[in-house]
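Residues per chain, in single letters:
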Amino acid sequence: QSVGLLQYDGYYSNDIASYISQAGISTSVSFVNVPVNGGISTPGSSSSEVSLDIEMAIAMAPGLSKIYVYEGPNSSTSWSTILSKMANDNLAKQLSCSWGGGSPDAASEQIFKQMAAQGQSFFNASGDSDAFTGSVPFPSDSTNITQVGGTTLSMSSAGGAYASETTWNWGGGTGSSGGVSTYYKIPSWQKNISMTANGGSTTYRNIPDVALTGDNVFVVYGNGSTGNFGGTS
């Protein structure tokens, strides 16, 4: 199985190798950089995002065969351009995106439907800016992909048992984004569910669909730096 990652920056390969070594992971995964719209020649200020995505994929699925990293310049690569490359290549059945921005995009929605028809599952980080109170940046409310929020996980001890879990929220406007779309109607799988307890909508799309550990995550990035990250990415 392979994973495809949508990225608007590059990464340092030595960071990934260092992460694998420090995390004690045994893997034979290979990496394929797929340039889009000219690709990325030198990693930039957002390279930590790319390293994070790659390293988490390896950590969760060390038996991966390949990770396809679709890299396009942030300032000049439209959503539909990079998404269509991922869909038309159809090389990975699991696709992930930790980027967002812009208004609803009809062309990209058609590509999401193409992916679904081909058996490709597209997972998108819901965002790191707490609750949505107005319009939601694309693609964080799309009804054709799976939206993923973040949690803070507590264990009984290092390497111990599950203790508790709650929404990732650092306060001050930094936390797992979610809420109700102002544009997309409620999808079929969210209908006939009581929204009384969670403040959700019975007529518009609710975000996110699922959530996973998104706090105290070790990352090697920036050509040798290390740190603990938090976020829905």
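Of the regular secondary structure elements, the chain holds 4 helices and 14 strands. Taken against the 2.2 N^0.38 rule, which gives 17 Å for 233 residues, the C-alpha radius of gyration of the chain at 18 Å falls within 12% of a compact globule. Judged by the C-alpha coordinates and their principal axes, the chain covers about 50 × 45 × 30 Å. Partitioning the intrachain contacts of the chain with sequence separation of at least 6 by distance along the chain shows that 75% fall at a separation of at least 24. By element, 49% of the accessible surface of the chain is carried by carbon and sulfur atoms, the whole surface being about 11000 Å². Charge centroids of the chain, computed over 7 positive and 15 negative side chains, lie 16 Å from each other.

We now examine the pattern of salt bridges. Tallied over the entire structure, the rule returns 2 salt bridges. With a shortest N-O distance of 3.3 Å, K85 and D89 are connected by a salt bridge. Placement of both K85 and D89 in helix α3 (residues 79–89) is noted, with a separation of 4 residues, approximately one turn of the helix. Under the relative-accessibility criterion, K85 is labelled partly exposed at 32%. With its nearest N and O atoms 2.9 Å apart, the salt bridge here joins R205 to D209. Since its relative accessible area comes to 0%, R205 is described here as buried. Residue classification places D209 among the partly exposed residues on the basis of a relative accessible area of 27%.

It is worth spelling out the packing of aromatic side chains at this point. One pass over the structure, following the stated rule, counts 9 aromatic pairs. Consider the rings of W79 and F138, whose centres lie 5.5 Å apart with planes at 70°: the pair is edge-to-face. Remark: F138 occurs in the loop between β6 (129–131) and β7 (146–155) and W79 occurs in helix α3; sequence separation between them is 59 residues. Of the two residues examined, W79 and F138, each falls in the buried class. Geometrically, the ring pair formed by W168 and W170 is edge-to-face, given 5.3 Å between the ring centres and 75° between the ring planes. Here W168 falls in the buried class, since its relative accessible area comes to 1%. Joined through ring pairs, the aromatic side chains of Y8, W79, W99, F112, F122 and F138 make up one cluster.

Time to look at the pairing of strand β4 (residues 94–97). Of the two faces of β4, only the one carrying L95 and C97 is buried; Q94 and S96 on the other face are not. Pairing of β4 with strand β5 (residues 121–125), which is carried by 4 bridges, proceeds in the parallel orientation. In the sheet register, C97 faces β5, and the bridge partner there is N124. The parallel pair β4 and β5 is bridged by helix α4 (residues 106–117), and the resulting crossover is right-handed.

Counting 22 residues, the largest nonpolar core has L6, W79, L83, M115 and F122 as its most contacted members. Only β3 (66–71), α3, β4 and α4 provide two or more residues apiece to this core. With 5 residues, the single largest contributor to this core is α3. Contacts of W79, omitting those with residues within four sequence positions, involve L6, Y8, C97, W99, G100, G101, D105, S108, F138 and P139. The next biggest cluster of nonpolar side chains, apart from the first, holds 20 residues, and it includes Y11, V50, L64 and V69.

Take helix α1 (residues 13–23) next. D15, I16, Y19 and I20 are the residues of α1 that are buried. Projected onto a plane normal to the axis of α1, the buried residues spread over an arc of 135° and lie on a single side. Of the exposed residues in α1, those oriented more than 90 degrees away from the buried face are S13 and S21. Structurally, α1 contributes buried residues whose contacts are with β2 (30–35), α2 (47–60) and β13 (217–221). With its phi angle positive at about 70°, G24 sits one or two positions after the end of α1.

On to the environment of D9, then. Within the secondary structure, D9 is located in the loop between β1 (2–7) and α1. Residues D9 and V50, spaced 41 residues apart in sequence, show a C-alpha to C-alpha distance of 6.7 Å. Not counting residues up to four positions away in its chain, the partners in contact with D9 are I40, T42, P43, G44, S45, S46, S47, V50, E71, G72 and W99. Looking at D9, its side chain comes within polar contact range of the main-chain nitrogen of G44, at 2.7 Å. From its side chain, D9 meets the backbone nitrogen of S47 in a polar contact 3.2 Å long.

Let us look at the pairing of β13. Pairing geometry for β13 and strand β14 (residues 225–229), over 5 bridges, is antiparallel. What sits directly across from V219, in β14, is G227. Between β13 and β14, which follow one another and run antiparallel, lie 3 residues, and G222 among them has a positive phi close to 60°.

Scoring rules and cut-offs
Residues numbered from 1 in each chain as written. Predicted model: local features only at pLDDT ≥ 70, side-chain atom pairs only at ≥ 80, totals over all residues. Heavy atoms only, no water. Helix = DSSP H or I, 4+ residues; strand = E, 2+ residues; numbered from the N terminus. Rg over C-alpha atoms; globule rule 2.2 N^0.38 Å. Contact = heavy atoms within 4.5 Å. Areas by Shrake-Rupley, 256 points an atom, 1.4 Å probe, with all protein chains shown as cover. Lys, Arg positive; Asp, Glu negative; His and termini not counted. Charge placed at Lys NZ, Arg CZ, Asp CG, Glu CD. Salt bridge = Lys/Arg side-chain N within 4 Å of Asp/Glu carboxyl O. Buried < 20%, exposed > 50% of the residue type's maximum accessible area, 1.4 Å probe, protein only. Phe/Tyr/Trp six-rings, centres within 6.5 Å; stacked < 30°, edge-to-face > 60°. Pairing = 2+ DSSP bridges. Right-handed = clockwise from strand over helix to strand, strands pointing away. Core = buried A, V, L, I, M, F, W, Y, C linked by side-chain atoms within 4.5 Å. Arc of directions from axis to C-beta. Polar contact = N/O pair within 3.5 Å; in protein donor to acceptor, adjacent residues only side chain to side chain.

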